Amino acid sequence: MRPVLCGTAELLARWTDYIFSLNTGNLIVKRILPFLVLGPFTGPLAAGLVHTARNGRYWMASVYALGIVEVWAGLPTILTQELAFLAHRLA
């Protein structure tokens, strides 16, 4: 039986129990692989999209999909507009 801990020690003990109870292959495929393949912004959004769609929450999955579209299309568009504006002001 685990001794009663308080505060940070208890949180650390719970976290380590959780980490060691995970299936490492499952963790890599579901959490780390999308991050590495799709990048730091789109990877977690894609993992969230798949997770919520499998749970039947299609409305939330569509919000994740919209976020992916915003990152892929909207962010470069806004960035190029801002860079063009700054180049015009500096010239």
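Since the structure is predicted, the reported quantities are computational estimates derived from the model, not experimental observations. (Residues numbered from 1 in each chain as written. Predicted model: local features only at pLDDT ≥ 70, side-chain atom pairs only at ≥ 80, totals over all residues. Heavy atoms only, no water.)

Engineer: Honestly, the overall build of the chain in this entry has me stumped. Any pointers?
Structural biologist: The helix and strand tally for the chain stands at four helices and zero strands. Its helices and strands taken in sequence order, the chain reads α-α-α-α from the N to the C terminus. Per-residue burial over the chain gives 14% buried out of 91 residues. Accessible surface, the chain as shown: approximately 7,600 Å² in total, 71% of it carbon and sulfur. (Helix = DSSP H or I, 4+ residues; strand = E, 2+ residues; numbered from the N terminus. Buried < 20%, exposed > 50% of the residue type's maximum accessible area, 1.4 Å probe, protein only. Areas by Shrake-Rupley, 256 points an atom, 1.4 Å probe, with all protein chains shown as cover.)

Engineer: I tried to follow helix α3 (residues 42–54) on my own but got confused; where do I start?
Structural biologist: In an α-helix there are 3.6 residues to a turn, and that puts residues three or four apart on one side. Over its 13 residues, α3 extends 18 Å from the first C-alpha to the last, a length consistent with the 18 Å expected when each residue adds 1.5 Å. Within α3, the full set of buried residues consists of T42, G43, L45, A46, A47, G48 and T52. (Expected span 1.5 Å × (residues − 1).)

Engineer: How should I be thinking about helix α4 (residues 58–90) in this particular structure?
Structural biologist: For α4, built from 33 residues, the straight-helix expectation of 48 Å at 1.5 Å per residue is met to within 8% by its first-to-last C-alpha distance of 46 Å. At E70, α4 shows its largest kink, close to 40°. Buried-residue contacts for α4 involve α3. (Bend = angle between axes of the 7 residues up to and from the residue. Contact = heavy atoms within 4.5 Å.)

Engineer: I'm lost on the packing of α3 against α4 in this one. Help?
Structural biologist: The packing of two helices is summarised by the inter-axis angle and the distance between the axes. Two elements in contact, α3 and α4, have axes separated by 8 Å at closest approach and are oriented at 160°. Relative to α4, the element α3 is oriented roughly antiparallel. Seen from above, α3 lies across α4 with left-handed handedness. Contact residues: T42, L45, A46, G48, L49, T52 and A53 in α3; Y58, M60, A61, Y64, A65, G67, I68, V71 and W72 in α4. (Axes fitted to C-alpha atoms, helices over the stretch in contact; angles between N-to-C directions. Parallel < 35°, antiparallel > 145°, perpendicular 65-115°, else oblique. Left-handed = near helix turned anticlockwise from the far one by under 90°.)

Everything listed is a geometric property; what it means functionally is a separate question.
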